[in-house]
Every structure is written in C-alpha cells, then in structure tokens.
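Here is how the chains run, residue by residue.
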Amino acid sequence: MLSAIIILCTIMFILVAASFYFYQVGVARAEKDFLEGNPDLAANADVEDPFAGSKEWWSAQRFESWSQVSEDGLKLHAYYLPAKTGTDRTVILAHGYSGHAEQMSSFAQIYHEDFGYNVLLPDARGHGLSEGHYIGFGWPERKDIVKWIRLVMERTGANAQIVLHGVSMGAATVMMASGEPLPPNVKAIIEDCGYTSVRDQLRYQLKRMYRLPAFPLLQTTSLLTKLRAGYFFGEASA
C-alpha cells in the first residue's frame, strides 16, 4: 500500500514539474530559444526574404506611439503611422508568436506605400513594449484587438474602414477576434498561416519536439495555464 502511494506521489510530482516546465517554455514571457533552427519556420531556398528592404523603411518612419489598457489591466503598446494622404482606411497588423510589431514591417510598408493606408502595429500582450507575463496564443489578444479597433475609430472617425491582417499567432488572433461582435467598420480579415486551436498546436509540438503523447501533459499544463494566465488550451480556438 505504501509503495503504491509513493509511486502515485512520484507520478503526480513529475506531472506537476513537467507542467511548470512546459508552461515556462510555451506560455510564459521568456526567450524562446527552441525557435532557432526550427524546421517548421524555415523558408525554402528559392523564397525571397519578405523583410528585405523593409527594415530600412521602418527606421525611416516617424511612428506615433499609441497605448491602451486591456480589460485585465495591462498597458498595451502600438505603433501608428498615418497615411501620406488623409484617408479613413486603416490596417491593424498582428505579429506572430514571440515576435514584435516591427516584424510586420514588410506588410506595413506595402499597406502604407502601395495602398495608402493608415497602419497600426500593436505589440501583443507579453511581447515587445506591451505589458504581460504570458502569451495568450490569440485568445486574450482577441479582446485587445477589439479595443484597438475602437481606438482607431475614435482617432480616425466614425467612417473608419478597417482591415485586420495577422500572420501565424497573429492570424489566429484575428480569426478569434472575428468571433467577437465587431463593428461594421471592419471590412476584411486576412489570416496567414494561423492554427485551429492552441490545443491542436501544442499537441503537435509535444509530439514533434519531445516525442511525447498529449495525454496527460497537455491537460495538466492547460490547467496550470488557466490558473496562471486565465484560459484553458481548449478555449483558445479559432
């Protein structure tokens, strides 16, 4: 009987320790060294660098700093660049996992220079200059996007025409935002390589990176994430 209790306690300890590890690796705001050399992120050799030239363009712009407070009290930051000619058209660009607003510079350059849009580039919570100790994989960020939409309407007028454009986690974010009661000012939503849900994404990465089954680690880490970040992995679904 005693040995069974010891074995059970040992298993529970391992599960708790593993959950904290995977929370720190995947959810907590921290350097994500595992992204370096990740084959899922590698471009084919014949694909042109999408950021070529955009970094110099970014450095030459005079961005306005916008800020707002999220529903749960985080101070969020964004870069705003008005169009060269006055317009009511604005694009809100959402960056990817463990990134920052500047990584959307190539898209910002196209929208600003070629299409004549105002451009708003938020740093997602837990990224860049925005506050936050965790990454929401698009779920809490969807509500932040709704607030950015409202701020654009306040600043540019009631006739604002808004496009949401996200890449990777940003794509999941704008898809999740599409499920909210958005104003008719949002005219289009573009998602580029988003994912179905956090649960599906992390199940895949557990198998690919660690050769581990999803059960029970996914469930225990999801519970820890609910306690520390306010959401279950299954909730965060596009």
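Here the structure is shown first, and the text comes after it.
So, here is what we can say about the structure in this document. As the structure is a computational prediction, the values presented were derived from the model and not from experiment.

## Observations regarding the layout of surface pockets
Now for step 1: Counted as a void, the second largest pocket has a volume near 170 Å³.
Now for step 2: Taken together, 13 residues form the lining of the second largest pocket, with Asp72, Arg125, Pro140, Arg142 and Lys143 sitting closest to its centre.
Now for step 3: The leading source of residues in the lining of the second largest pocket is helix α4 (residues 139-156), at five residues.
Now for step 4: The residue makeup of the lining of the second largest pocket, split by class, is five nonpolar, one polar and seven charged.

## Quick notes on the side chain of His77
Now for step 1: Relative to the elements of secondary structure, His77 occurs in strand β2 (residues 75-81).
Now for step 2: Overall, the relative accessible area of 11% leaves His77 in the buried class.
Now for step 3: Those residues in contact with His77 that lie beyond four places of it in its chain are Ser65, Trp66, Pro122, Asp123, Leu129, Ser130 and Trp148.

## Thoughts on the pattern of salt bridges
Now for step 1: Taken as a whole and assessed by the stated rule, the structure comprises seven salt bridges.
Now for step 2: Between Arg142 and Glu180 there is a salt bridge, and its shortest N-O distance comes to 2.9 Å. Linking Arg142 in helix α4 with Glu180 in the loop between α5 (169-177) and β6 (186-192), this pair joins segments that are 38 residues apart in sequence.
Now for step 3: What makes Arg142 buried here is its relative accessible area of 9%.
Now for step 4: You can call Glu180 partly exposed: its relative accessible area is 23%.
Now for step 5: Each of the salt bridges in this network shares a partner with another, and the network as a whole consists of Asp72, Arg125 and Asp144.

## Some points on the sheet that holds strand β4 (residues 118-122)
Now for step 1: Spatially, six strands are ordered β1-β2-β4-β3-β5-β6 in an open sheet, and the strand pairing comes out mixed. The open sheet is flanked by β1 (64-69) and β6, the only strands paired with a single partner. Taking the axes of each pair of neighbouring strands and ignoring which way they run, one obtains an average angle of 20° across the sheet.
Now for step 2: Pairing analysis gives four bridges linking β2 to β4, with the strands arranged antiparallel. Counterpart to Ala78 in the pairing with β4 is Pro122.
Now for step 3: On the sheet, α4 packs against β1, β2, β3 (89-94), β4, β5 (161-167) and β6 and is oriented at approximately 125° with respect to β1.

Reading guide: rules and limits
Residues numbered from 1 in each chain as written. Predicted model: local features only at pLDDT ≥ 70, side-chain atom pairs only at ≥ 80, totals over all residues. Heavy atoms only, no water. 1 Å grid on protein atoms, 1.4 Å probe; cavity = no way out; pocket = protein on both sides within 12 Å on 5 of 7 lines; lining within 4 Å. Points joined across faces, edges and corners; volume = space filled by probe spheres on them. Helix = DSSP H or I, 4+ residues; strand = E, 2+ residues; numbered from the N terminus. Nonpolar A, V, L, I, M, F, W, Y, C, P; charged D, E, K, R; others polar. Buried < 20%, exposed > 50% of the residue type's maximum accessible area, 1.4 Å probe, protein only. Contact = heavy atoms within 4.5 Å. Salt bridge = Lys/Arg side-chain N within 4 Å of Asp/Glu carboxyl O. Pairing = 2+ DSSP bridges. Axes fitted to C-alpha atoms, helices over the stretch in contact; angles between N-to-C directions.

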